[in-house]
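One-letter residues, chain by chain:
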Amino acid sequence: MNHDKYDKRNYPVVDVQQGYGEWSQTYENVVQDEMDLRLFNKVEQIDWQSQQTILDLACGTGRIGVWLHDQTQAAIDGVDITPEMMAQAQAKGVYRGLHQASVTDTGLPDMMYDVCVQSLADEHLPDLNPLYQEVARLTKPDGYFVIVGFHPYFLLMGIPTHYDNQSGDPITIQSYVHLLSDHVKAAYASGWTLISMDEGLIDEDWIQAKPKWEKYAGLPISFSMVWQR
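Residues numbered from 1 in each chain as written. Predicted model: local features only at pLDDT ≥ 70, side-chain atom pairs only at ≥ 80, totals over all residues. Heavy atoms only, no water.

With that settled, the discussion passes to the overall build of the chain. From N to C terminus, the chain includes 9 helices and 10 strands. For the chain, the C-alpha radius of gyration of 17 Å lies close to 17 Å, the compact-globule estimate for 229 residues. Taken along its principal axes, the extent of the C-alpha atoms in the chain is 45 × 35 × 30 Å. With 229 residues in all, the chain has 54% of them scored as buried. Residue pairs in contact within the chain that sit at least 24 positions apart in sequence constitute 74% of those at least 6 positions apart. By element, 47% of the accessible surface of the chain is carried by carbon and sulfur atoms, the whole surface being about 10,300 Å². Across the chain, the 15 positively charged side chains and the 32 negatively charged ones have centroids separated by 3 Å. (Helix = DSSP H or I, 4+ residues; strand = E, 2+ residues; numbered from the N terminus. Rg over C-alpha atoms; globule rule 2.2 N^0.38 Å. Buried < 20%, exposed > 50% of the residue type's maximum accessible area, 1.4 Å probe, protein only. Contact = heavy atoms within 4.5 Å. Areas by Shrake-Rupley, 256 points an atom, 1.4 Å probe, with all protein chains shown as cover. Lys, Arg positive; Asp, Glu negative; His and termini not counted. Charge placed at Lys NZ, Arg CZ, Asp CG, Glu CD.)

The volume enclosed by the largest pocket comes to roughly 650 Å³. For the largest pocket, the lining is made up of 29 residues, of which Trp23, Val30, His162, Lys210 and Trp213 are closest to its centre. Where the lining of the largest pocket is concerned, the elements lending two or more residues are helix 1 (16-23), helix 2 (27-30) and strand 7 (162-164). Its residues assigned to classes, the lining of the largest pocket shows 18 nonpolar, 5 polar and 6 charged. Here the second largest pocket defines a volume of roughly 380 Å³. The wall of the second largest pocket is formed by 23 residues, among which Val16, Tyr20, Ala58, Asp80 and Ala121 lie closest to the centre. Of all the secondary-structure elements, those providing two or more residues to the lining of the second largest pocket are helix 1 and helix 4 (63-71). Residues of the lining of the second largest pocket, tallied by class, amount to 13 nonpolar, 7 polar and 3 charged. (1 Å grid on protein atoms, 1.4 Å probe; cavity = no way out; pocket = protein on both sides within 12 Å on 5 of 7 lines; lining within 4 Å. Points joined across faces, edges and corners; volume = space filled by probe spheres on them. Nonpolar A, V, L, I, M, F, W, Y, C, P; charged D, E, K, R; others polar.)

Enumeration according to the criterion identifies 15 aromatic pairs in this entry. Centre to centre, the rings of Trp23 and Tyr27 are 4.8 Å apart; their planes meet at 75°, and the pair counts as edge-to-face. Taking the relative accessible area as the measure of exposure, Tyr27 reaches 9% and is therefore buried. When the centroid spacing of 5.7 Å and the interplanar angle of 75° are considered together, the rings of Tyr132 and Phe145 count as edge-to-face. Within this pair, whereas Tyr132 is found in helix 6 (residues 129-138), its partner Phe145 is found in strand 6 (residues 139-150), the two being separated by 13 residues in sequence. It is Arg229 that lies over the ring of Trp192; its NZ or CZ is 5.8 Å from the centre. (Phe/Tyr/Trp six-rings, centres within 6.5 Å; stacked < 30°, edge-to-face > 60°. Lys NZ or Arg CZ within 6 Å of the ring centre and 35° of its normal.)

Strand order in the open sheet formed by 3 strands is 1-8-7, and the pairing between neighbours is mixed. Pairing within the sheet leaves two strands with one partner each, and these edge strands are strand 1 (13-14) and strand 7. (Pairing = 2+ DSSP bridges.)

A separate point is the pattern of salt bridges. Scanning the entire structure with this criterion turns up 9 salt bridges. Ionic pairing is found between Asp36 and Arg63, a salt bridge with its closest N-O pair at 2.8 Å. Taken together, the residues Asp36 in helix 3 (residues 33-40) and Arg63 in helix 4 connect sequence positions 27 residues apart. Its relative accessible area of 0% is what places Asp36 among the buried residues. Under the relative-accessibility criterion, Arg63 is labelled buried at 12%. For Arg137, the salt bridge goes to Glu134, with nearest N and O atoms at 2.8 Å. Taken together, the positions of Arg137 and Glu134, both in helix 6 and 3 residues apart, correspond to about one turn of that helix. Residue classification places Arg137 among the partly exposed residues on the basis of a relative accessible area of 27%. (Salt bridge = Lys/Arg side-chain N within 4 Å of Asp/Glu carboxyl O.)

Here it is in structure tokens:
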């Protein structure tokens, strides 16, 4: 479902590359760890220390790469479509290699990674099938895919991914609603098995960081799924 079917804010809309390019300088000041990192911290099915190669899809500024670097000695590669975000990821010094490409067509070799991860990016894809197909191609047999996303329930509340540009004007990045069942259908079609799932709510920690969000208390804002080949 395209954002114009549910968007209640009606901010100007830009594509992913333009939006994240403009947002790159302030992104890490806005995105809360409660959105994604607390869900990564709950992943108990993966022995991070035993992994050899990890791919960070839609790596952005490298926030997740830094978290991965703290969990494992694995070689970490990153893929992103936005040069401005990748420049910040490069500066963090945690990636073996960074590749500018789409998460649905990375150009990387088959069965190269023990684990692939992606955070807060699936809502920008019009179709989930190419993502799960590409990650299945990249992942070794018995490997894992951890995806953390913006919860469809929260998107359906009318709040798509947005940021303030340099002039202070709010801008929406093109987004799509994917139900959790859409993820399951796309993943199963590509040979994945779901082994864990969690959801992140707007809780006291979130409200302490963003007091204005108290009106959303108790609502699900993010989700995680752990898939295995």
